[in-house]
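Residues per chain are reported as follows:
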Amino acid sequence: MAITFTDLHTEAGLGSLEKFLQGKTYISGDRISKDDVKVFAAVSKPGEGFPNVCWWYETVSSALAARFPGVALGVKIGGQAASPAPAPPAKSAPEGDDDDDLDLFGDETEEDKKAAEEREAAKKASSKKKESGKSSVLLDVKPWDDETDMKKLEETVRSIEMPGLLWGASKLVPVGYGIKKLQIMMTIVDDLVSVDTLIEERLTVEPCDEFIQSCDIVAFNKI
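Computed from a prediction, not measured in an experiment: that's the story for all the values here.

Details of the overall build of the protein
Next up, step 1: The helix and strand tally for the protein stands at six helices and four strands.
Next up, step 2: Starting at the N terminus and ending at the C terminus, the protein contains elements arranged as α-α-α-α-β-α-β-β-α-β.
Next up, step 3: Taken across its 223 residues, the protein has 28% of its residues classed as buried.
Next up, step 4: Put simply, 69% of the contacts in the protein that link residues at least 6 apart link residues at least 24 apart.
Next up, step 5: As displayed, the protein offers around 15300 Å² of accessible surface, 53% of which is attributable to carbon and sulfur atoms.

Have a look at this one:
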């Protein structure tokens, strides 16, 4: 059933809309539809004498503001005739129509899509992920025996390269029976380097296990 409203910029027109909205939330159905948008475009902001219209007007206004978040500059439309032609009949919204179907200006153009993509890109750029934390780690690297070439052992350790890993100072520490272990510092980016994985999958497997028997974490400190 078609619904017709006229002179919605006048008190008489607002009065008819006030009566129509008695006991209703929206123009047609229980959800906002294109019917509400059409009527909203024809209505001047109602005063306190039209409580139903005011409530409906603010509800539709809030929905549109969420869909079009740009800041309004207060544009005014001049030259409106005293008695404009009646608004075209508002068609009832089809079943299943919802807020996502609202379209004030027809099909979305390529310019609209590009603008939406640019807004999304700007939004992501303004909420960049915080820089990952870093840690300082001290490792004990133990050789197989006193005959292990410790110089080559250290070269093997330092040959391991991966994003977020930086090797630091090192020294040889006596263990006993002529055996020394390598103590070496490293700095890691926490989100990029797992020390356990580094030890299990890089330092204690081929070819490193030719020189390295085991590795232990001596100290682990957040930077």
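Details of helix 1 (residues 11–20)
Next up, step 1: Listed in full, the buried residues belonging to helix 1 are Gly 13, Leu 14, Leu 17 and Glu 18. Looking straight down helix 1, one finds its buried side chains confined to an arc of 145°; they lie on one side. Pointing more than 90 degrees away from the buried face of helix 1 are the exposed residues Ala 12 and Lys 19.

Notes on the nonpolar core
Across soluble globular proteins, you tend to see nonpolar side chains buried next to one another.
Next up, step 1: Residues Leu 139, Val 141, Val 157, Trp 167, Met 186 and Leu 203 are the most contacted members of the largest nonpolar core, which totals 22 residues.
Next up, step 2: If you list the elements that add at least two residues to this core, you get strand 1 (134–143), helix 5 (150–158), strand 2 (165–176), strand 3 (179–189), helix 6 (195–203) and strand 4 (212–222).
Next up, step 3: Setting aside its immediate chain neighbours within four residues, Met 186 contacts Ser 135, Ser 136, Val 137, Leu 139, Leu 165, Leu 166, Trp 167, Gly 168, Val 195 and Leu 198.
Next up, step 4: In terms of nonpolar packing, the next biggest core, distinct from the first, is built from 19 residues, Ile 3, Leu 14, Leu 21 and Leu 64 among them.

Points about the sheet that holds strand 1
Next up, step 1: Strand order in the open sheet made by the four strands is 2-3-1-4, with antiparallel pairing throughout. Sheet topology places strand 2 and strand 4 at the edges, where each strand pairs with a single neighbour. On average, each strand axis in the sheet is inclined to that of its neighbour by 20°, with strand direction left out of account.
Next up, step 2: Relative to strand 3, strand 1 runs antiparallel, the two being bridged by eight bridges. When the sheet's bridge partners are listed, Val 137 is paired in strand 3 with Met 186.
Next up, step 3: Against the sheet, helix 5 engages strand 1, strand 2, strand 3 and strand 4, with an angle of about 15° to strand 3.
Next up, step 4: Against the sheet, helix 6 makes contact with strand 1, strand 2, strand 3 and strand 4, and its axis sits at roughly 165° relative to strand 4, the strand it touches most.

Some thoughts on the environment of Gly 133
Next up, step 1: Assignment of secondary structure puts Gly 133 in the loop between helix 4 (110–126) and strand 1.
Next up, step 2: Given the relative accessible area of 37%, Gly 133 is considered partly exposed.
Next up, step 3: Distance from Gly 133 to Asp 191, taken between C-alpha atoms, is 7.5 Å for residues 58 residues apart in sequence.
Next up, step 4: Residue contacts for Gly 133: discarding those within four places in its chain leaves Ile 188, Val 189 and Asp 190.

Some words on the packing of aromatic side chains
Next up, step 1: Counted under the stated rule, the structure contains three aromatic pairs.
Next up, step 2: Arranged with centres 5.1 Å apart and planes meeting at 80°, the rings of Phe 5 and Phe 20 form a pair that is edge-to-face. Placement of the pair is Phe 5 in the segment before helix 1 and Phe 20 in helix 1, with a sequence separation of 15 residues.
Next up, step 3: Counting every residue linked through ring pairs, the aromatic cluster contains Phe 40, Trp 56 and Tyr 57.
Next up, step 4: Looking at Lys 24, its charged tip hangs above the ring of Phe 20, at a distance of 4.6 Å from the centre.

Calculation rules
Residues numbered from 1 in each chain as written. Predicted model: local features only at pLDDT ≥ 70, side-chain atom pairs only at ≥ 80, totals over all residues. Heavy atoms only, no water. Helix = DSSP H or I, 4+ residues; strand = E, 2+ residues; numbered from the N terminus. Buried < 20%, exposed > 50% of the residue type's maximum accessible area, 1.4 Å probe, protein only. Contact = heavy atoms within 4.5 Å. Areas by Shrake-Rupley, 256 points an atom, 1.4 Å probe, with all protein chains shown as cover. Arc of directions from axis to C-beta. Core = buried A, V, L, I, M, F, W, Y, C linked by side-chain atoms within 4.5 Å. Pairing = 2+ DSSP bridges. Axes fitted to C-alpha atoms, helices over the stretch in contact; angles between N-to-C directions. Phe/Tyr/Trp six-rings, centres within 6.5 Å; stacked < 30°, edge-to-face > 60°. Lys NZ or Arg CZ within 6 Å of the ring centre and 35° of its normal.

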